[in-house]
Amino acid sequence: MNILLLGAQGQLGWELGASLSTLGSVIHYGRGEADFTNLEKLEELVRLAKPRVIINAAAHTKVDQAETEPLVAHLINAKAPALLAKLARELSAWLIHYSTDYVFDGLKNDPYTEEDIPTPLNVYGHNKLDGDKAILVSGCRHLIFRTSWVFSFQSCNFAKNILELAKKETSFSVVADQYGSPTGVELLSSATALALHQALHSEKDLSGLYNLVAAGETNWHGYALYLIRRALEIGWVLAASPERIYPQESSKIQPPQIAQRPANSRLNTAKFTSVFGLTPPPWQYYVDRVLWSWSRFRNIEMSPPAPPNKIIDLKFIPPLNYQPIHR
Ligand SMILES: NC(=O)c1ccc[n+]([C@@H]2O[C@H](COP(=O)([O-])OP(=O)(O)OC[C@H]3O[C@@H](n4cnc5c(N)ncnc54)[C@H](OP(=O)(O)O)[C@@H]3O)[C@@H](O)[C@H]2O)c1
């Protein structure tokens, strides 16, 4: 079975390469081979690959930059997925695609379900939503996984930036009024492979949009505190200490962020669990794994992370001055 993996060098794409290889023969294309701004070439590559499954892990993910280059972002995040959906339908292939919490305005009090109507606040959210809609109406067999706050060992992301900052600065502030679930690429890629395997072999058509994030929730400040506390516990030398990491309102960030972000990015994964019988473990488990990998890289001894069922703070790690959302 040919599996065409697009965006193979991104955080998620890189991890998917490993987990999909048990399902078939994976053709890995990064931006160099399959550039989403050249739709003609993209179509040619897909037809040549004759895939039974197309996995799209490519996206324009620079949320602030998308505000200043909306046409390029739309091409990559909406038009290219629409083309992939059309080709998947023609070739009777499955299309696996990833959506984002940023399709929502964050005003809901509870975690968002797949039934909630998206109303994005920024260009990235609008473009990603257009991509989702194009796939949903295309008639191709598809799995769209809507996720949030993605991180990995091998790329530049919030977790890595916070630890770098904590090495240099004794004190800094982190946004504390945006809530969500940090989601490790290991969870996304293993859950994708398991769900795809079921979709390929089920007599029912399991096509659909599914929320897929790690269990539990926090805000960026709580996430940063968790990282710093864990890093200190295992012997990292940091200039910062948890008491001097301050919560900050998004509206006070200097310089202000170009794109507005939702205050509530929490996603309800009940549909994913009920259809596929798979339960996402807590976000802290994947943060511990990444920290473990970085520690080994830095020759810091750390016991392997506790298994997910031993994570005590499953629900929430309250940051300093934690205020629940009241809207
Ligand atoms: N990151 C998050 O926090 C987050 C949250 C929610 C949902 N998601 C979704 O999850 C999926 C995976 O995200 P990720 O975190 O793995 O993103 P990522 O690390 O930024 O990877 C995206 C990949 O797309 C590639 N790409 C960018 N422009 C391209 C183009 N013109 N043609 C072909 N490839 C291009 C990038 O290549 P370059 O490296 O060369 O730029 C990169 O390899 C995306 O659909 C994203 O929207 C991500």
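In the block above lies the structure referred to throughout.
Description of the structure in this document. (Residues numbered from 1 in each chain as written. Predicted model: local features only at pLDDT ≥ 70, side-chain atom pairs only at ≥ 80, totals over all residues. Heavy atoms only, no water.)

**Section: the overall build of the protein chain**
For step 1, the next point in the chain: Per the secondary structure count, the protein chain includes 10 helices and 12 strands.
For step 2, the next point in the chain: Projected onto the principal axes, the alpha-carbon positions of the protein chain cover approximately 55 × 40 × 40 Å.
For step 3, the next point in the chain: Relative to its full complement of 327 residues, the protein chain shows a buried share of 52%.
For step 4, the next point in the chain: Restricting the contact set of the protein chain to residue pairs at least 6 apart, pairs at least 24 apart contribute 81%.
For step 5, the next point in the chain: As displayed, the protein chain offers around 14900 Å² of accessible surface, 53% of which is attributable to carbon and sulfur atoms.
For step 6, the next point in the chain: On the protein chain, the mean spot of the 31 positive side-chain charges and the mean spot of the 31 negative ones are 2 Å from each other. (Helix = DSSP H or I, 4+ residues; strand = E, 2+ residues; numbered from the N terminus. Buried < 20%, exposed > 50% of the residue type's maximum accessible area, 1.4 Å probe, protein only. Contact = heavy atoms within 4.5 Å. Areas by Shrake-Rupley, 256 points an atom, 1.4 Å probe, with all protein chains shown as cover. Lys, Arg positive; Asp, Glu negative; His and termini not counted. Charge placed at Lys NZ, Arg CZ, Asp CG, Glu CD.)

**Some points on the pairing of strand β1 (residues 2–6)**
For step 1, the next point in the chain: Along β1, four of the five residues are buried, which leaves the element largely enclosed by surrounding structure.
For step 2, the next point in the chain: Of the strand pairs in this sheet, β1 and strand β2 (residues 25–29) are connected by five bridges, and their pairing is parallel. Residue pairing across strands places L5 opposite H28, the latter belonging to β2.
For step 3, the next point in the chain: The parallel pair β1 and β2 is bridged by helix α1 (residues 11–20), and the resulting crossover is right-handed.
For step 4, the next point in the chain: Looking at chain direction, β1 and strand β3 (residues 53–56) are connected through four bridges and run parallel. Across the sheet, the residue bridging to L5 is I55, located in β3. (Pairing = 2+ DSSP bridges. Right-handed = clockwise from strand over helix to strand, strands pointing away.)

**Considerations on the sheet that holds strand β5 (residues 141–147)**
For step 1, the next point in the chain: The six strands are arranged β2-β1-β3-β4-β5-β10 in an open sheet whose pairing can be described as parallel. The open sheet has two edge strands, β2 and β10 (208–211), and neither has a second partner. Neighbour-to-neighbour, the strand axes of the sheet open up by a mean angle of 20°, direction not taken into account.
For step 2, the next point in the chain: With respect to the sheet, helix α4 (residues 70–91) is in contact with β1, β3 and β4 (94–100), its orientation differing from that of β4 by roughly 155°.
For step 3, the next point in the chain: Along the sheet face, helix α7 (residues 185–201) touches β3, β4 and β5 and points at about 155° away from the line of β5. (Axes fitted to C-alpha atoms, helices over the stretch in contact; angles between N-to-C directions.)

**Re the site of the ligand**
For step 1, the next point in the chain: As a matter of local geometry, the ligand sits amid 24 residues, with R31, F36, T61, Y124 and K128 nearest to it.
For step 2, the next point in the chain: Within the contact set of the ligand, an oxygen atom lies 2.6 Å away from a side-chain nitrogen or oxygen of T61.
For step 3, the next point in the chain: Here an oxygen atom of the ligand sits 2.8 Å away from a polar atom, N or O, in the side chain of K128.
For step 4, the next point in the chain: Protein coverage of the free-state accessible area of the ligand, which is 900 Å², stands at 82%.
For step 5, the next point in the chain: Elements with a contribution of two residues or more to the shell around the ligand: α1, β4 and α5 (123–138).
For step 6, the next point in the chain: Top element by residues in the shell around the ligand is β4. It accounts for three residues.
For step 7, the next point in the chain: In terms of residue class, the shell around the ligand is made up of 11 nonpolar, nine polar and four charged. (Near = heavy atom within 4 Å. Polar contact = N/O pair within 3.5 Å; in protein donor to acceptor, adjacent residues only side chain to side chain. Nonpolar A, V, L, I, M, F, W, Y, C, P; charged D, E, K, R; others polar.)

**A word on the packing of aromatic side chains**
For step 1, the next point in the chain: Counted according to the given criterion, the structure contains 15 aromatic pairs.
For step 2, the next point in the chain: Pairing W220 with Y223 gives two aromatic rings, centres 6.0 Å apart and planes at 25°, and the pair type is stacked. Residue W220 and its partner Y223 are both found in helix α8 (residues 220–233); the two are separated by three residues, about one turn of the helix. For the residue pair W220 and Y223, the accessibility class agrees, reading buried in each case.
For step 3, the next point in the chain: An aromatic cluster is defined as three or more aromatic residues linked by ring pairs; in this entry it consists of W149, F151, F158, W220, Y223, Y226 and W283. (Phe/Tyr/Trp six-rings, centres within 6.5 Å; stacked < 30°, edge-to-face > 60°.)

**Overview of the nonpolar core**
For step 1, the next point in the chain: Of all hydrophobic cores here, the largest spans 62 residues; its most connected members are L20, I55, I96, F145, Y223 and F272.
For step 2, the next point in the chain: With nine residues, the single largest contributor to this core is α7.
For step 3, the next point in the chain: When residues are assigned to domains, this core turns out to be shared by domain 1 (2–154 + 181–211) and domain 2 (158–179 + 218–265 + 283–310), each giving three or more.
For step 4, the next point in the chain: With residues up to four places along the chain from it excluded, the contact list for Y223 reads W149, F151, F158, A159, P182, T218, W283 and V287.
For step 5, the next point in the chain: Membership of the second largest hydrophobic core comes to 24 residues, among which are L4, L6, Y29 and V46. (Core = buried A, V, L, I, M, F, W, Y, C linked by side-chain atoms within 4.5 Å. Domains from an automatic or database assignment.)

**Quick word on the environment of V137**
For step 1, the next point in the chain: Of note, V137 is situated in helix α5.
For step 2, the next point in the chain: Given a relative accessible area of 70%, V137 falls into the exposed group.
For step 3, the next point in the chain: Linking V137 and A82, residues 55 residues apart in sequence, is a C-alpha distance of 9.5 Å.

**What to know about the side chain of R146**
For step 1, the next point in the chain: Topologically, R146 is positioned in strand β5.
For step 2, the next point in the chain: We classify R146 as buried; its relative accessible area is 2%.
For step 3, the next point in the chain: Side-chain polar atoms of R146 contact the side chain of S99, separated by 3.0 Å.
For step 4, the next point in the chain: A distance of 2.9 Å separates a polar atom in the side chain of R146 from a polar atom in the side chain of D132.

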